[in-house]
Amino acid sequence: MEKLNQLISDFASMAWGLPLLIILVGGGLYLLVLSRFLPFRFFGHAIQVLRGKYDNLDDPGEISHFQALTTALSSTIGMGNIAGVAVAISIGGPGAVFWMWVSAIIGMNTKFFTSALAIMFRGKDSSGALQGGPMYFIVEGLGKSWKPLAMFFSFCGLVGAFPVFNVNQLTQALNDILLEPNGVETGMVSNLIIGFSLVIITSIVILGGLNRISKTASRLVPSMVLLYFVLVFIILAVNIQEVPKYFALIFTDAFAANNYSGDAFLGGMVGGLILLGIRRGAFSNEAGIGTAPMAHGAAKTAEPVREGLVAMLGPFIDTIVICTLTALAILVTGVWQTTDANGVSLTASAFSNAMPGIGKYLLLICIMVFSISSLFSYSYYGTKCMAFLFGAKNKKYYNYLYIVSIILGATTSLSMMINLIDGFFALMAIPTMVATIALAPKVLKEIKHYKNRIE
């Protein structure tokens, strides 16, 4: 068993290692250069599309642009925004934040391409319903001979969408911040109560299908972002004299050698972007993994570029806005230099420092909403993968497995299981990025046609 555990741990480390960094960052940079930053010139237009200016009820699809974005964001905004940022700063220092911004810019462009393709090459499932996502744009865009790659993506998604990691981290946060400090004994019983509570909340939403998931996400996501923004604004107001110094330090420290535990490039690029972010808190914006295109592929639109532009806003909100808020809260309070705490405990220290007594509990509310909302969208991704592999009529069975995995995540800390799921989640990037790079020229042509039509 020990050897098997080590084997799976090595598999997860390899999956999230340098090859994935090259695929995601190298591939993203290639797409950025190829498009000549073209999508970013449409940023204002993307906001107009998101607000519904170009909505057409007769367009194919199931949900609005706004619902597609919030469904995708509900999976990416999670523990990575709170714990992952803290880990990156503790290892790479303030300069790590700069490299997160770089990763977000690359991720915005990658997500534009993958989500545009999800609309451009939609396919039909076994029941005849229109579907979008990497598995469909691989088959429809590259041809039937590429179906094994689509099946590989779906199989990895089947495993990678299980929420064991997120649930495990949320249970730990509840124990550390709420229960244990207040004298409540934690163990199997308390973890089971948390697990079954999450099952009830999640079941009510996910068993209602995509429409209920998207409607719930469209209400939850804006609210949780606004709440988090207000809380961090209070922290910044309390420590206003420190804000200019640390904001400047993010830039000056990004290229400077430091004594945090390596250098800012290693701590920021590797830690904040991939290796430390997902291994310790959850991958921040998941650009290039292929989950978000499954949500954006269900958008009600006939214009691939429009949905790509809406999707592009995801990494901006997730990484540039929310991760930066977390980073500033940690930096201006000084807790990153005055405590040995790491991950979510470091962020909790920052909130407690600025808002004694209630700070950590307000953070816990944010953690709970962030984590619970992610449970909704990952179930949808898993059912789509199940439908592609085993037929649309069998996708409902995935939800039952999903519910069982929530209980497992709350009651066990099996690193073997968490590593296995993390590893498969990482492997989803291979088929997604291979197909995206191969089909990128078709997206470029579509951008030019769309630009001409708009003008």
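Going by the structure above, here's the rest.
This one's a predicted model, so the numbers in the text were calculated from it and none came from an experiment.

Analysis parameters
Residues numbered from 1 in each chain as written. Predicted model: local features only at pLDDT ≥ 70, side-chain atom pairs only at ≥ 80, totals over all residues. Heavy atoms only, no water. Helix = DSSP H or I, 4+ residues; strand = E, 2+ residues; numbered from the N terminus. Buried < 20%, exposed > 50% of the residue type's maximum accessible area, 1.4 Å probe, protein only. Contact = heavy atoms within 4.5 Å. Areas by Shrake-Rupley, 256 points an atom, 1.4 Å probe, with all protein chains shown as cover. Lys, Arg positive; Asp, Glu negative; His and termini not counted. Charge placed at Lys NZ, Arg CZ, Asp CG, Glu CD. 1 Å grid on protein atoms, 1.4 Å probe; cavity = no way out; pocket = protein on both sides within 12 Å on 5 of 7 lines; lining within 4 Å. Points joined across faces, edges and corners; volume = space filled by probe spheres on them. Nonpolar A, V, L, I, M, F, W, Y, C, P; charged D, E, K, R; others polar. Phe/Tyr/Trp six-rings, centres within 6.5 Å; stacked < 30°, edge-to-face > 60°. Lys NZ or Arg CZ within 6 Å of the ring centre and 35° of its normal. Core = buried A, V, L, I, M, F, W, Y, C linked by side-chain atoms within 4.5 Å. Salt bridge = Lys/Arg side-chain N within 4 Å of Asp/Glu carboxyl O.

Asks: I'd love a proper account of the overall build of the protein, names of residues and values included.
Replies: Summing up its helical and strand segments, the protein has 21 helices and two strands in all. Expressed along its principal axes, the backbone C-alpha trace of the protein runs to roughly 55 × 50 × 45 Å. Within the protein, the fraction of its 455 residues that count as buried is 60%. Here the contacts in the protein between residues at least 6 apart in sequence split such that 83% fall between residues at least 24 apart. If you sum the accessible surface of the protein, you get close to 17800 Å²; carbon and sulfur atoms cover 65% of it. Mean positive and mean negative side-chain charge positions of the protein (28 and 22 charges, respectively) differ by 11 Å.

Asks: Go over the layout of surface pockets with me, naming the residues and quoting the values.
Replies: Estimates place the volume of the largest pocket at around 250 Å³. Surrounding the largest pocket, 18 residues form its lining, G209, L210, Y380, T383 and K395 being those nearest its centre. When residues of the lining of the largest pocket are traced back to their parent elements, those giving at least two are α11 (209-238), α18 (359-390) and α19 (396-411). Here the lining of the largest pocket gets five residues from one element, more than from any other, and that element is α18. Across the lining of the largest pocket, the residue classes break down as eight nonpolar, five polar and five charged.

Asks: Requested: an account of the packing of aromatic side chains, with residues and values cited.
Replies: In this structure the tally under the stated criterion is 19 aromatic pairs. A ring pair is formed by F162 and Y398, whose centres lie 5.2 Å apart and whose planes are at 15°; its orientation type is stacked. In this pair, F162 sits in the loop between α8 (147-160) and α9 (164-179) while Y398 sits in helix α19, placing the two residues 236 residues apart along the sequence. Residue Y398 is classed as buried on the basis of its relative accessible area of 1%. Measuring from ring centre to ring centre gives 6.2 Å for Y246 and W336, while their planes differ by 80°; the resulting arrangement is edge-to-face. With a gap of 90 residues between them, Y246 in helix α12 (residues 243-252) and W336 in helix α16 (residues 335-338) connect regions that are remote in the sequence. Of the two residues examined, Y246 and W336, each falls in the buried class. The side chain of K147 reaches across the aromatic face of F388, ending 5.9 Å from its centre.

Asks: Give me the nonpolar core: which residues, what numbers.
Replies: Residues Y228, F351 and I367 are the most contacted members of the largest nonpolar core, which totals 142 residues. For I367, the contacting residues outside a window of four places in its chain are M79, I82, L170, A173, I177 and V344.

Asks: Can you tell me about the pattern of salt bridges, naming the residues and giving the values?
Replies: Inspection of the entire model under this criterion finds three salt bridges. Note that E303 is salt-bridged to R453, the shortest N-O span being 2.8 Å. Residue E303 is located in the loop between α14 (292-296) and α15 (304-332), and its partner R453 is located in helix α21 (residues 429-454); the two are separated by 150 residues in the primary sequence. According to the relative accessible area criterion, R453 is partly exposed, its value standing at 47%. For the salt bridge of R453 with E446, the shortest nitrogen-to-oxygen distance reads 3.4 Å. Owing to a relative accessible area of 18%, E446 belongs among the buried residues under this scheme. Taken together, the shared-partner salt bridges in this structure form one network comprising E303, E446 and R453.

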